[in-house]
Structure formats: structure tokens, C-alpha cells
Amino acid sequence: MGAHPKGDAQIKDNRIAQTTLGQWIAHYPACLGSKVKDAFQGQLPFLFKVLSVNTALSIQAHPNKELAASLHAQFPEHYPDNNHKPEMAIALTRFQGLCGFRPVVEILSFLQQVPEFYALVGQEAAEELQSSMGDEIRSSQALKKCFTRMMSCEKKVFVDELNELVKRVSEEGAAGKDTSNSNGELLLRLHSQYPGDIGCFSIYFLNYVVLEPGQAMFLGANEPHAYIHGDCIECMACSDNTVRAGLTRKYIDVNTLCEMLNYKPASASSKIFPGVPDPSDPYVTLYDSPVPDFKVIKIQVPPSVKDYCVAAVDSASILLVIEGDAIAASAAAFSDLTMKRGSVLFVSANESLSLHITSQSGVTLFRACCLL
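A short tour of the structure in this document, coming up. (Residues numbered from 1 in each chain as written. Predicted model: local features only at pLDDT ≥ 70, side-chain atom pairs only at ≥ 80, totals over all residues. Heavy atoms only, no water.)

Quick look at the overall build of the protein
Counting its secondary structure elements, the protein contains 10 helices and 19 strands. For 372 residues, the compact-globule estimate of 2.2 N^0.38 gives 21 Å, and the C-alpha radius of gyration of the protein, at 23 Å, lies within 12% of that figure. C-alpha atoms of the protein, sized along the principal axes, occupy 70 × 50 × 35 Å. For the protein, buried positions account for 51% of its 372 residues. The contacts of the protein with a sequence gap of at least 6 include a subset with a gap of at least 24, amounting to 75%. Taking the average location of the 31 positive side-chain charges in the protein and that of its 40 negative ones, the two points are 2 Å from each other. (Helix = DSSP H or I, 4+ residues; strand = E, 2+ residues; numbered from the N terminus. Rg over C-alpha atoms; globule rule 2.2 N^0.38 Å. Buried < 20%, exposed > 50% of the residue type's maximum accessible area, 1.4 Å probe, protein only. Contact = heavy atoms within 4.5 Å. Lys, Arg positive; Asp, Glu negative; His and termini not counted. Charge placed at Lys NZ, Arg CZ, Asp CG, Glu CD.)

Comments concerning the nonpolar core
Membership of the largest hydrophobic core comes to 53 residues, with the highest contact counts inside it found for Phe 117, Phe 147, Met 150 and Phe 205. Leave out the neighbours within four places in its chain, and Phe 205 touches Gly 100, Phe 101, Arg 102, Ile 107, Phe 117, Val 121, Leu 143, Cys 146, Phe 147 and Met 150. Ranked by size, the runner-up nonpolar core spans 29 residues in total, among them Phe 273, Ala 316, Ile 318 and Cys 370. (Core = buried A, V, L, I, M, F, W, Y, C linked by side-chain atoms within 4.5 Å.)

Quick look at the pairing of strand β19 (residues 363-369)
Burial runs high along β19: 7 of the 7 residues are buried. Neither face of β19 is open: one carries Val 363, Leu 365, Arg 367 and Cys 369, the other Thr 364, Phe 366 and Ala 368, and all of them are buried. Pairing analysis gives 5 bridges linking strand β14 (residues 317-323) to β19, with the strands arranged antiparallel. By the bridge assignment, Glu 323 is partnered in β19 with Thr 364. (Pairing = 2+ DSSP bridges.)

Thoughts on the sheet that holds strand β15 (residues 326-329)
Within the open sheet, the 4 strands sit side by side as β13-β18-β15-β16. Their pairing is antiparallel. Pairing within the sheet leaves two strands with one partner each, and these edge strands are β13 (307-310) and β16 (337-339). Averaged over all pairs of adjacent strands, the angle between strand axes in this sheet comes to 30°, irrespective of strand direction. (Axes fitted to C-alpha atoms, helices over the stretch in contact; angles between N-to-C directions.)

Quick look at the pairing of strand β6 (residues 216-219)
Side chains Ala 216 and Phe 218 of β6 all project onto a buried face; the interleaved residues Met 217 and Leu 219 project onto the opposite face, where all are buried too. Pairing of strand β3 (residues 87-91) with β6, which is carried by 4 bridges, proceeds in the antiparallel orientation. From the neighbouring strand, Glu 87 faces β6, where its bridge partner is Leu 219.

Concerning helix α8 (residues 155-174)
Given a rise of 1.5 Å per residue, 20 residues ought to cover 28 Å, and the 28 Å separating the end C-alpha atoms of α8 matches this to within 8%. The secondary structure elements touched by the buried residues of α8 are α4 (104-113), α5 (115-121) and α9 (184-193). One or two residues past the end of α8 sits Gly 176, with phi positive at roughly 80°. (Expected span 1.5 Å × (residues − 1).)

Overview of the side chain of Ser 315
Relative to the elements of secondary structure, Ser 315 occurs in the loop between β13 and β14. Polar side-chain contacts of Ser 315 include one of 2.9 Å to the backbone nitrogen of Cys 370. Sequence-distant contacts of Ser 315, defined by excluding residues within four places in its chain, comprise Leu 32, Val 36, Val 347, Ser 348, Ala 349, Cys 369 and Cys 370. (Polar contact = N/O pair within 3.5 Å; in protein donor to acceptor, adjacent residues only side chain to side chain.)

Observations concerning the pattern of salt bridges
Applying the stated criterion across every chain yields a total of 15 salt bridges. Notably, a salt bridge pairs Glu 124 with Arg 149, separated by 3.5 Å at the nearest N-O pair. Note that Glu 124 is positioned in helix α6 (residues 123-131) and Arg 149 in helix α7 (residues 136-151), a separation of 25 residues in sequence. Taking the relative accessible area as the measure of exposure, Arg 149 reaches 34% and is therefore partly exposed. One salt bridge connects Lys 295 with Asp 288, and the closest N-O pair in it is separated by 3.0 Å. (Salt bridge = Lys/Arg side-chain N within 4 Å of Asp/Glu carboxyl O.)

Some points on the sheet that holds strand β12 (residues 295-301)
Pairing within the open sheet is antiparallel, and its 6 strands lie in the order β10-β11-β12-β19-β14-β17. The open sheet is flanked by β10 (276-277) and β17 (344-347), the only strands paired with a single partner. Across 2 bridges, the pairing between β10 and strand β11 (residues 284-287) is antiparallel. For Pro 277, the partnering residue across the bridge sits in β11 and is Thr 285.

What about the packing of aromatic side chains?
Tallied over the entire structure, the rule returns 14 aromatic pairs. Summarising the aromatic geometry, the rings of Phe 95 and Tyr 227 are spaced 5.3 Å apart at their centres and angled 70° between planes, so their arrangement reads as edge-to-face. Of the two residues, Phe 95 sits in strand β4 (residues 95-101) while Tyr 227 sits in strand β7 (residues 225-237), which places them 132 residues apart along the sequence. A single burial state applies to Phe 95 and to Tyr 227, both of which are buried. Taking 4.9 Å as the distance between ring centres and 55° as the angle between the ring planes, the aromatic pair formed by Phe 110 and Tyr 204 counts as tilted. Taken as a pair, Phe 110 in helix α4 and Tyr 204 in the loop between α9 and β5 (206-211) lie far apart in primary sequence, 94 residues in all. The residues Phe 110 and Tyr 204 share a single accessibility class, namely buried. Ring pairs connect the aromatic residues Phe 101, Phe 110, Phe 117, Phe 147, Phe 201, Tyr 204, Phe 205 and Tyr 263, which therefore count as one cluster. (Phe/Tyr/Trp six-rings, centres within 6.5 Å; stacked < 30°, edge-to-face > 60°.)

What follows is the structure, given as C-alpha cells:
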């Protein structure tokens, strides 16, 4: 949902001359709100998505603006625009992902417990990581060396080690042994989806993060991550630039990825991003991303409330209904709009929306906007 040239949203109202959201915004740029229009050169600055992840999505990172411009200029077939792509995922169900580098002590533990992983990283890099403990700059450099060594392994070498590891963990599991020292359950699950993929080893470098419904994680530029399983709302800057490293059949750009990543180890819990209740509206939770391009607002109206006003904000916004039914009225609309699970509305800046809720269960909406 958005106006990126590679996926411009279709307008479903046949009374409107323009067929896509991008065309409509180009005709009526004031709909963005004056601050947004000026700050983002007349473009809607965010993309809004719903993801239902059954098979893991690739290990990837998104470039900052400077790198995005350079990659787009050199390789437009792989990097289709010149924008950065920070993003936020908000869990709708229990949601599992990999995000950011683990604390060094956890990586060292896996290097000791998983000989196949140690073989790919190599003795020199592993010892460098061990001796860098307590020195942030040296740890970051050593982590880069370890990760780059693993990612640059010859295919035959890492496939042999991976097969050996999978065989060992499978046998240990079958014998009733605890395989958590090798992160066995996750390893076997990813290997069953992507056999022979170097990305299976990334579980020893990256934090395994589990979000409960309503929790979020924010992924800044150069943050390595992968979504493993679950449903989420995702909002991001308006870009399609992705540098991939594994768990994928798409283009992998190992050199760019290893150079660009943020090698700052941190705990899994530090990656969880809380929603903040709005003091002025008991039904609103704000997910206030640390970048200007987007914010996400969750609106959860309880069954006891039948009429609710979606407040005007000084930004265009996209509203998505997650559950419930309502009739929406707005001074700007041709007629009342019926909203149900899956309905998507574009609301211009400084327009409010009156909802009359018709379902017994209340209504839950997510709203993407840009609050400057």
C-alpha cells in the first residue's frame, strides 16, 4: 500500500479519474500536507504492508541514503531507487525474526559448541573475536572479519559443513539429547526450507527475536535481519532497496552486504520496540519510529463504543482494517464507505473520519502517516 513506482496502489473507486494512488497524489499534492509535501518533494514518503510469513524471508539489510544512491547509480537492475529503507514490523500474531548481531559472548559460545560453524569462521578470526572482548571498536572489527569469512566461504566448503551439522543435530535430537547449544530446532527448520544455504549459519551471529502481538521491532539502515514466521504489519520508507545475504533464491550481494552492515552487538531484548499509549485517546497506540518518513498508529475501539472519530493529522495517511466492520463518513468522500477486515482507505492531510461501528467485536485499525 503506497505509491512506489514498482507497486503503485490501485484506486478501487471508479468515480475517480486516476487509477493509481501515485497518479492521484501527483494531481492533488496538497493531500500530503504542506510539511510532508515540501520535505519529500511531493511524494508519499512511506510504504505500508501486511506480511504473512510461513517460509523465512531472506537475511537482508537496507542501505542508508548515501549507499542507496551509489548502488542505484551502479546497479539499477538490483537496486531500483535511490532512497533508504528503514522499516518497522508490528506483530499481529506471535512473530519470530532474526535482528542485529548477538552479544559477542553468545557468538563465542556458538563458536565453541558448534565445530562446523567454527570451521567456516576459522581460527584466526575466532581468536581475534575472543581477544576483543570488552573493547567496542575491536569487537566490531573482529565481528566484521568473522562474518565476512563465513559469508565468503566457497560453496562446497560450507555445504559440506552444513550437511555435517544437520546430520549431527538430527541424530542428537533423535537420541533425545538437548540440541539448544547448536540452536538445533531453528537450524533444522531453516535448513528444511533452504537446504544448502549459507544463511542457515547466520543464526549463530544474529539475535533470535520473538515478538508478542502488539510488540514491534525497528530496523534501521545496515541492520541485518530476517523474518522467520508469523503475521505482521510493516511500514517503511518508500524504497525497494534490499541487499541480501542468504535464505533466498534471489540475487545475493555478499561484498556490499559485508561492507555495509552495522557490526554493533546488542541483546535480543534491546531490539523490541514498544508502542506508546496516546494520553489524549485511550484507544490509540503510537509506534513512533526514529526516522521522519513514517509513524504507525494502532486504533483499537472496544465493543462498547459505537461511534468514533479518527482524528485529522497534518499528513496523508493510509488506514487498514484488521478486524471489525464500520461505516465511515468524511466531508471529503462522495458517499459513506463500508469498512471491513482488509479494507484500505487513503485519507488526505487534515481530514477526519467518523466511524459508526457495526460489528459486535469493536474495530481494530492501523494507520500509517508522517508526523513532522
